[in-house]
Amino acid sequence: MKTALIDDKKPAHFDKHIIGNILLDVAPLDEVQEEPMLIGVRNEAGEIYRLIGATKLNSYMNAVEELFDLGLADELENTEEPKEGCDAIFSEA
């Protein structure tokens, strides 16, 4: 899985836990956006500051599970529709 920070967006205070708990390769943002499944992470200001891209459903599900384990909530959990280009968007509940 690949990840990138979005320029000019402040990382959330819990960002180091995401990096510590999920095996991610840092990549350029445009490369991450090419992945078939995207997870966005919101900061305290409500902005998506990090994208996580997964090639395989298995990897995507593992990342989603880890983010839930960190106590984050997926605002798209009960919908099939992508939002802001993401299949899941996590933030503090």
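Here's what I pulled together on the structure shown here. Position numbers for residues count from 1 along each chain, tracking the sequence in the order it is written. Owing to the predicted nature of the model, reporting of local features is limited to residues with pLDDT of at least 70; listing and counting of side-chain atom pairs is limited to 80 or more, with chain, interface and lining totals taken over all residues. Side-chain numbers here rest on the full set of heavy atoms in the structure, without hydrogens or water.

## Re the nonpolar core
Thought 1: Within the largest apolar cluster, 18 residues are counted, with the highest numbers of intra-cluster contacts made by F14, I18, I39, Y60, L67 and F90.
Thought 2: Here a strand is any run of E in DSSP of at least two residues, a helix any run of H or I of at least four, and the numbering for each starts at the N terminus. Put simply, the parts of the chain that give this core at least two residues each are β3 (37-42), β4 (48-54), α3 (57-69) and β6 (88-92).
Thought 3: When residues in this core are grouped by element, the largest group, four residues, is from α3.
Thought 4: Definition used in this section: a nonpolar core is a set of buried Ala, Val, Leu, Ile, Met, Phe, Trp, Tyr and Cys residues joined via side-chain atoms within 4.5 Å. For every residue, the accessible area (1.4 Å probe, protein chains only) is compared with the maximum for its type, and the residue is labelled buried under 20%, exposed over 50%, or partly exposed between those bounds. Membership of the second largest hydrophobic core comes to 10 residues, among which are A4, L38, L76 and C86.

## Examining the pairing of β4
Thought 1: Judged by how many residues are buried, β4 sits mostly within the fold: seven of seven residues are covered.
Thought 2: In this description, strands pair whenever DSSP reports at least two bridges between them. Pairing between strand β1 (residues 2-5) and β4: four bridges, direction antiparallel. Each bridged residue has a counterpart across the sheet, and for A4 the counterpart in β4 is L51.
Thought 3: Taken together, the six bridges between β3 and β4 define a ladder with antiparallel strand orientation. When the sheet's bridge partners are listed, I39 is paired in β4 with I52.
Thought 4: Two successive antiparallel strands, β3 and β4, enclose a turn made up of five residues, where G46 displays a positive phi of approximately 85 degrees.

## Structural notes on the packing of aromatic side chains
Thought 1: In summary, the pairing rule links any two rings of Phe, Tyr or Trp, Trp by its six-membered ring, whose centres are within 6.5 Å, and it sorts them by plane angle into stacked for under 30 degrees, edge-to-face for over 60 and tilted for everything else. For the coordinates displayed, the defined rule picks out one aromatic pair.
Thought 2: Taking the centre distance of 5.1 Å and the plane angle of 75 degrees together, the rings of F68 and F90 count as edge-to-face. In this pair, F68 sits in helix α3 while F90 sits in strand β6, placing the two residues 22 residues apart along the sequence.
Thought 3: By relative accessible area, which is 0% here, F90 ends up buried.

## Some remarks on the sheet that holds strand β2 (residues 25-26)
Thought 1: Strand order in the open sheet made by the six strands is β2-β1-β4-β3-β6-β5, with mixed pairing throughout. At either margin of the open sheet sits one strand with a lone partner, and together these are β2 and β5 (72-74).
Thought 2: With two bridges connecting them, β1 and β2 associate as parallel partners. Bridge assignment links T3 to a residue of β2, and that residue is V26.
Thought 3: In this analysis, two residues are considered to be in contact whenever any of their non-hydrogen atoms come within 4.5 Å of each other. Angles here are taken between N-to-C directions and fall from 0 to 180 degrees, while the axes themselves are lines fitted to C-alpha atoms, restricted in helices to the stretch in contact. Each of β3, β4, β5 and β6 is contacted by α3, which is oriented at about 15 degrees to β3, the strand it contacts most.

## Details of α3
For an α-helix, 3.6 residues make a turn, and residues three or four places apart therefore share a direction.
Thought 1: One less than the residue count of a helix, multiplied by 1.5 Å, gives the span that helix is expected to have. Along its 13 residues, α3 runs 18 Å from first to last C-alpha, staying within 8% of the 18 Å computed at 1.5 Å per residue.
Thought 2: For α3, the complete set of buried residues consists of Y60, A63, V64 and L67. Axial view of α3: buried residues confined to an arc of 100 degrees, hence all on one face. Of the exposed residues in α3, the ones pointing more than 90 degrees away from its buried face are N58 and D69. As used here, the arc belongs to the directions running from the helix axis to the C-beta atoms.

Interpretation note: all reported values are geometric properties and have no functional meaning in isolation.
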